[in-house]
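Here is how the chains run, residue by residue.
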Amino acid sequence: MSSQKTTDADVSRQVAEESRELDWKKPSFSGQLFMGYFDASGILPYDELKGHEKKEVEAFCDKLEEYLLKNYDADEIDRKGKIPDKIINDLKKMGLFNLKLPKEYGGLGFSQQGFARVAEVVTSHCGSLSAWVSAHQSIGVPQPLKHFGTKEQKDKYFPKLVNGEISAFALTEPTVGSDPARMKTYAEPSEDGKHYYITGEKLWCTNGSVADLLVVMAGTTDPSTGKKGITAFIVEVPSDGLEVAHRCDFMGLKAIENALITFDKVKVPRENILGGINKGLKLALETLNTGRLTVPASMTAASKVALRIVREWSKERAQWGQTIGKHEAVSAKISYIAAHTFAIDAMTYLTSRLADQENVDIRIEAAMAKMFTTEHGWTILDHMVQVRGGRGYETAESLKARGEKPIPAERMVRDLRINRILEGSTEIMHLFLAREALDTHLKKGGDLLNPKLDLGQKIIGAMKAGAFYVPWYLTRYSPFVTNKSFSEEPAALHPYYRYVARVSRKLARTIFHKMGRHMAALEYKQRTLARIVDIGTDLFSITACAAKAGYMIREGHSKVEVMNLMNAYFTFAKTRIDRNFDELWKAYDKEQKMLTKDVLDDRLLWLEKGIINPKWEGEVVNDKVTRGVISVKSQAGSDGEAKQNGSTEKAETNE
């Protein structure tokens, strides 16, 4: 049994490794931090949208805000669980679903920064609508088509998207989350090789129940080599054999169209392969590098809304003779919210600008931004509810019925909780970042960590590694930091850059020590790796904040106010960094792991006594979908007709 597990793990690891970009062809600021190298020249000076695009983006945001305030009741839509067809069609005509589509095809051609700005506006009003927009443009057909599509594919599908067709991304399966090696959906070529037939099922496809176009990941075999892999296909809806089997309902985001979709020998032309045979997973990973940046933009909006809610409430609500904002317990939460809103904003737009530059590798920055903004954004939302008290837990509609401001704190919490899970959960982001952080170490000293190599091979590997590590290790102790890469920044910010440079060297030494101590077993020390990643992420966050602060000072903001914000954030980040370094050597992971084993071995069942034990019916994981017509109403057009199995029969709504 253990042998089978090892084999499965090896296969999964191999699939993931083959899908990575193996060589760092472009520089990565954060990637270098894990090696103890600090060079901010690639991210400075911080800048934001300017010129013609800024005018276009702000004009669009103004028009969008006016429309949403007049026509879009987010609380009613949340209650009904549907966005009316008219609103979707109005927003299509406005261009909300064409933001990133190239101008030469009729799209608005916004940059990632411009898209993030619009995503802020959308999320600040309704999380469900934000999910529609993000799934369509960030991970749906437009993004991979732009970067991997052939000219023929672009000429065929960009006009369809500009004319209002909605797209979705189909990767996850009931038994497959972040382990693509276990994917069951497969595509077989026709005898003449002109088509592929896709069979399987995909779960949690956002926009899936209304989509006109899908990017579908399926297992394939390269006919020229016989090698197995994963391939991306553009699949048109409706298609014979394609069925929306279930519209999923969630804790929040009640108005998203998220579906379980089944494929029964769905015929797809060979020319609909995106990026090449067996290149699908690599396409997915590279698409997500930019695609997942919509999540930080959404968390930026949520944090700003939370800051406004808490600021206004803390000045109005009085307890024990003074407004609650003057009580230290509440003041601590306000400062956390303000400082981390600043950090979330800085990381979001710095990373978005790096994505637009296209001369740097942002895979680490994008993952850090996604992880950091969702984790600290969630804490911000929790603090917001706590400060609001009972009113934070009460729905906006109930507040309004009682004559109070319909502040949607409760809906925000439900809608935004998913962000710590989608586009790569925090735990997966830790593992992804750890792999990238260790990349250079594995290349230099990987033979020493490979348990499958014999002693002779390891000795040779040690000699090669030593040539690199001896001088490298000694220089990681150097206290000297050159200010060459940040010399043009305000002098008041230089100490923060020097701090990041010094601590990055300590982090690099620590990684080296951990590799020496645990060798190949380091791969399984996931909490150790998570602490290493969190330290690197906080170093990036400090740098982003300093870069943003420098920009704001140059733009004429009060230096005193900006530095107060910067100083406060630094205290939060430094405290976390110190704690993580301490826990790297003093953690109680072993004791907690033993407790977990007791739980999973059913030795603590007595701890669950005293509760009702319901007989939950159904499978733990159901990958045997019963096919059949369900109640899903299409919102892709004004006729409200369902698009299932290639038919246009009327379907009931679930309202």
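Our structure's up above, just so we're on the same page.
Residues numbered from 1 in each chain as written. Predicted model: local features only at pLDDT ≥ 70, side-chain atom pairs only at ≥ 80, totals over all residues. Heavy atoms only, no water.

Enquirer: I'd like a rundown of the overall build of the protein, residues and numbers included.
Expert: In terms of regular secondary structure, the protein is built from 23 helices and ten strands. Put simply, the protein has 655 residues, and 51% of those count as buried. (Helix = DSSP H or I, 4+ residues; strand = E, 2+ residues; numbered from the N terminus. Buried < 20%, exposed > 50% of the residue type's maximum accessible area, 1.4 Å probe, protein only.)

Enquirer: Go over the packing of aromatic side chains, please, and point to the residues and values.
Expert: Taken as a whole and judged by the stated rule, the model has 18 aromatic pairs. For the pair Phe 29 and Phe 38, a centre-to-centre distance of 5.6 Å together with 75° between the ring planes defines the contact as edge-to-face. Phe 38 shares its class with Phe 29; the two are buried. Each ring, one from Phe 38 and one from Tyr 497, has its centre 6.4 Å from the other, and the planes form 50°; the classification is tilted. With Phe 38 in the loop between helix H2 (29-33) and helix H3 (51-71) and Tyr 497 in helix H20 (residues 494-518), this pair connects stretches of sequence that are 459 residues apart. Tyr 497 gets classed as buried once you look at its relative accessible area, which sits at 0%. Members of the aromatic cluster, joined through ring pairs, are Phe 29, Phe 38, Phe 486, Tyr 497 and Phe 540. Looking at Arg 388, its charged tip hangs above the ring of Trp 313, at a distance of 4.8 Å from the centre. Over the ring of Trp 378 we find Arg 417, and its NZ or CZ is 5.3 Å from the ring centre. (Phe/Tyr/Trp six-rings, centres within 6.5 Å; stacked < 30°, edge-to-face > 60°. Lys NZ or Arg CZ within 6 Å of the ring centre and 35° of its normal.)

Enquirer: Quick rundown of the packing of helix H11 (residues 294-316) against helix H12 (residues 328-357)? Include the residues and the values.
Expert: Look at H11 against H12: their axes get within 9 Å of each other, and the N-to-C directions meet at 155°. The angle between H11 and H12 falls in the class roughly antiparallel. The two elements H11 and H12 cross, and the hand of that crossing is left-handed. Between H11 and H12, the residues in contact are Pro 296, Ala 297, Met 299, Thr 300, Ser 303, Lys 304, Leu 307, Val 310 and Ser 314 and Val 330, Ile 334, Ile 337, Ala 338, Thr 341, Ile 344, Asp 345, Thr 348 and Tyr 349, respectively. (Axes fitted to C-alpha atoms, helices over the stretch in contact; angles between N-to-C directions. Parallel < 35°, antiparallel > 145°, perpendicular 65-115°, else oblique. Left-handed = near helix turned anticlockwise from the far one by under 90°. Contact = heavy atoms within 4.5 Å.)

Enquirer: Help me get a handle on a positive patch on the surface, residues and values and all.
Expert: Residues Arg 517, Lys 525, Lys 590 and Lys 593 make up a contiguous surface patch of positive charge. The topology assignment puts Lys 593 in helix H23 (residues 589-600). (Patch = residues over 30% accessible without salt bridge, like charges linked within 9 Å, V, L, I, M, F, W, Y side chains within 5 Å. Areas by Shrake-Rupley, 256 points an atom, 1.4 Å probe, with all protein chains shown as cover. Salt bridge = Lys/Arg side-chain N within 4 Å of Asp/Glu carboxyl O. Lys, Arg positive; Asp, Glu negative; His and termini not counted. Charge placed at Lys NZ, Arg CZ, Asp CG, Glu CD.)

Enquirer: How would you sum up the side chain of Ser 138? Please name residues and give values.
Expert: For Ser 138, the location among the structural elements is in helix H7 (residues 127-139). On the basis of relative accessibility, which here comes to 0%, the residue Ser 138 falls in the buried class. A distance of 2.4 Å separates polar atoms of two side chains, one belonging to Ser 138 and the other to Thr 294. Setting aside chain neighbours within four positions, we find Ser 138 in contact with Phe 115, Val 133, Gln 143, Thr 287, Gly 291 and Thr 294. (Polar contact = N/O pair within 3.5 Å; in protein donor to acceptor, adjacent residues only side chain to side chain.)

Enquirer: Can you tell me about H7, naming the residues and giving the values?
Expert: If you check H7, its first and last C-alpha atoms are 17 Å apart, about what 13 residues at 1.5 Å a residue would give, namely 18 Å. Most of H7 sits inside the fold, with 13 of its 13 residues counted as buried. (Expected span 1.5 Å × (residues − 1).)

Enquirer: Give a description of the nonpolar core that names residues and reports values.
Expert: Among the nonpolar cores identified, the biggest contains 93 residues, and Phe 38, Met 384, Leu 539, Ile 542 and Met 566 are the most heavily contacted of them. At 15 residues, helix H21 (residues 526-554) tops the list of elements feeding residues into this core. If we ignore the near neighbours within four places in the chain, the residues touching Phe 38 are Phe 29, Leu 33, Ser 485, Phe 486, Tyr 497, Val 500, Ala 501 and Thr 543. Core analysis: the second largest hydrophobic core is formed by 30 residues, Val 57, Ile 77, Ile 88 and Leu 91 among them. (Core = buried A, V, L, I, M, F, W, Y, C linked by side-chain atoms within 4.5 Å.)

Enquirer: How would you sum up the environment of Val 305? Please name residues and give values.
Expert: Inspection of the secondary structure assignment puts Val 305 in helix H11. In sequence terms Val 305 and Met 412 are 107 residues apart; their C-alpha atoms lie 9.4 Å from each other. Here Val 305 is in contact with Ser 124 and Met 412, once residues within four sequence places are set aside.

Enquirer: Requested: an account of a nonpolar patch on the surface, with residues and values cited.
Expert: Together, Leu 595, Val 599 and Leu 600 make up a nonpolar patch on the protein surface, roughly 300 Å² of accessible area in all. With respect to the helices and strands, Leu 595 occurs in helix H23. Taking the relative accessible area as the measure of exposure, Leu 595 reaches 48% and is therefore partly exposed.

Enquirer: How would you explain unusual backbone geometry if you had to name every residue and give the values?
Expert: In the segment running from Leu 44 into Pro 45, the intervening peptide bond is cis, with an omega of 0°. Here Pro 45 is to be found in the loop between H2 and H3. Here the bond from Val 237 into Pro 238 is cis, since omega is 5°, no more than 30 degrees from zero. Mapped onto the elements, Pro 238 comes out in the loop between strand S5 (228-236) and strand S6 (242-247). Here the phi dihedral of Asn 207 falls at roughly 80°; this positive angle occurs in a residue that is not glycine. Relative accessible area serves as the criterion here: at 0%, Asn 207 is assigned to the buried category. Look at Glu 423: it is not a glycine, yet its phi comes out positive at around 60°. Examined against the element boundaries, Glu 423 turns out to sit in the loop between helix H16 (409-416) and helix H17 (426-437). Taking relative accessible area as the criterion, Glu 423 reaches 15% and is therefore assigned buried.

Enquirer: Explain the pattern of salt bridges to me, using residue names and the numbers behind them.
Expert: For the coordinates displayed, the defined rule picks out 39 salt bridges. Ionic pairing is found between Lys 82 and Glu 257, a salt bridge with its closest N-O pair at 3.0 Å. Within this pair, whereas Lys 82 is found in the loop between helix H4 (74-80) and helix H5 (85-94), its partner Glu 257 is found in the loop between S6 and strand S7 (258-269), the two being separated by 175 residues in sequence. Among the residues examined, Glu 257 registers a relative accessible area of 0% and is labelled buried. Asp 582 is the salt-bridge partner of Lys 586, the closest N and O atoms lying 3.4 Å from each other. Linking Lys 586 with Asp 582, this pair stays in helix H22 (residues 559-586), spanning four residues, or about one helical turn. What you see here is one network of salt bridges that share partners, running through Glu 48, Glu 120, Lys 304, Asp 345 and Lys 548.

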